[in-house]
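Here is how the chains run, residue by residue.
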Amino acid sequence: MTGLLIGSIFGGALSDKYGKKVLLVGSSVLHSVVALLTAFLPHALFYLSARCMAGIACCAVHICTYSLGVEWSLPKYRIWPTTLLSFIFSLGMMALAAVAYLTNSWMQFHLALALPQILCLPLYFSIPESPRWLLLNKKTHVLEDYRSRSPEDRHYLDLLLDTVGNECQKTNNEETDNKQCSDFTHFKSSTIVLRLFVMSFIGVASALTYYGICFSVGSFGVDIYLAQFFSGLSESPSLFLPLLLARWGRRSFSMASLLLSGVGCLLSLLISKFCDIPALVMALALLGKLCVQATTCVALLYGIELFPTVIRQKCVGLVSLCYRVGCIVNAVVAPKGGVSLGAMICYSSGPILGAGLCLLLPETSGIPLPDTVQDCEKQPRLKLELGSCCAQWSTNHKPKKEHAFTKAKDLESQLESSAISS
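Residues numbered from 1 in each chain as written. Predicted model: local features only at pLDDT ≥ 70, side-chain atom pairs only at ≥ 80, totals over all residues. Heavy atoms only, no water.

**Points about the packing of aromatic side chains**
Part 1: Considering all chains together, one arrives at 4 aromatic pairs under this definition.
Part 2: Ring geometry for Tyr 101 versus Tyr 225: centroids 5.4 Å apart, planes at 80°, classification edge-to-face. Taken together, the residues span a long stretch of sequence, with Tyr 101 in helix 4 (residues 79-102) and Tyr 225 in helix 11 (residues 224-233) at a distance of 124 residues.
Part 3: Since its relative accessible area comes to 57%, Tyr 101 is described here as exposed. (Phe/Tyr/Trp six-rings, centres within 6.5 Å; stacked < 30°, edge-to-face > 60°. Helix = DSSP H or I, 4+ residues; strand = E, 2+ residues; numbered from the N terminus. Buried < 20%, exposed > 50% of the residue type's maximum accessible area, 1.4 Å probe, protein only.)

**Observations regarding empty space enclosed by the protein**
Part 1: Taken as a whole, this structure holds 1 cavity of 30 Å³ or more when the rule is applied.
Part 2: Here the largest cavity defines a volume of roughly 40 Å³.
Part 3: Met 199, Ile 202, Ser 254, Thr 295, Val 298, Ala 299, Tyr 302 and Cys 358 are the residues that line the largest cavity.
Part 4: At the level of elements, helix 10 (190-215) and helix 14 (278-306) are the ones that each hand at least two residues to the lining of the largest cavity.
Part 5: Residue classes in the lining of the largest cavity are distributed as 6 nonpolar, 2 polar and no charged. (1 Å grid on protein atoms, 1.4 Å probe; cavity = no way out; pocket = protein on both sides within 12 Å on 5 of 7 lines; lining within 4 Å. Points joined across faces, edges and corners; volume = space filled by probe spheres on them. Nonpolar A, V, L, I, M, F, W, Y, C, P; charged D, E, K, R; others polar.)

**Some words on the packing of helix 10 against helix 13 (residues 250-274)**
Part 1: It is the contact of helix 10 with helix 13, at a shortest axis distance of 12 Å, that shows an interaxial angle of 40°. With respect to helix 13, the element helix 10 is oriented oblique. Between helix 10 and helix 13 the crossing geometry is left-handed. Contacts between helix 10 and helix 13 involve Ile 202, Ser 206, Thr 209 and Ile 213 from the first element and Leu 258, Ser 261 and Cys 265 from the second. (Axes fitted to C-alpha atoms, helices over the stretch in contact; angles between N-to-C directions. Parallel < 35°, antiparallel > 145°, perpendicular 65-115°, else oblique. Left-handed = near helix turned anticlockwise from the far one by under 90°. Contact = heavy atoms within 4.5 Å.)

**Describing the pattern of salt bridges**
Part 1: Summed over all chains, the structure comprises 2 salt bridges.
Part 2: Arg 149 is the salt-bridge partner of Asp 145, the closest N and O atoms lying 3.8 Å from each other.
Part 3: Here Asp 145 falls in the partly exposed class, since its relative accessible area comes to 40%. (Salt bridge = Lys/Arg side-chain N within 4 Å of Asp/Glu carboxyl O.)

Below you can see the structure in the form of structure tokens.
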């Protein structure tokens, strides 16, 4: 987890400087070598160092693969790379159970994990570099090489470069207009601070719940290999995320997934305390894990759409940093020998509170990406204003008072008229 934290801090900066393909290939080589050496050097100190380096490499690989998948997709298909990569991750978790079951020793287990990575290393060199990075760094000869491969590649790359060119021109104009404005000035906006707080809290809550259930997967009274397999299988329905997002939108889906996650963890806690049904307890916990995984997947896209271009990478980096801090905290305080009452309350209450905080965020589905803080402040959001409610209440009740006063005056006039006549 410390390696993942270090990778989240430096991975983005290295990819911006040297390119995503270079970082992807280098990180894959590092991860493969570390996995291979672990099979032959089963020592505790080396193992901890190797896991830290593997965490750094894994985080860099995730950053590069998600970014390359999104940047090589047209705008209307940008949710699919994130979804497909999350689905492949769940397949890897299921395969891990099979590898652990079929191997009988430390060396066999780690060789089974390392050798496929080493065999696939030559394939990574065929992955193209980010067109946006090539355009910004004026490496036009590489772009021309991509264009010359086939007419289909030329047409698709031209579509991407037209989009990228417009975004780059807009970014350059904005940098010219705001060249005297530092990044700290943008963070003074209450809108940006509020969104950072909400997304950071959701990141910490998601990390605590997701990894808390992953670490406790062998404590539900079910066979550990089956538990690991179903833990990976529980994340496979995230493949339907694009369809759900198209119908519900970012905010509504995030609220629903966070709420279901908290309720699932809470029900698993209650059943584990009052009933002896391990399969049902694990099923409810994995339901919560599925919902958290879906929330994390959507948060990758939601965070990009919530923050302005001028400070987008910095804001997304801060949210990712909070997520990794939650991972480290969970690794340190994870319960041993079973899931405790306090742990499950923590896993369930965080997502439920995060679902309520989502009301403070705007809906960004179908809205252009904000470029400045002013664009973020103009985005539609849910308003709960007490003054307007009071004004509406007084407006609704004022006619009734006037009507009662008029009836009293009419009655007084009738009494006076009857007294005069008599």
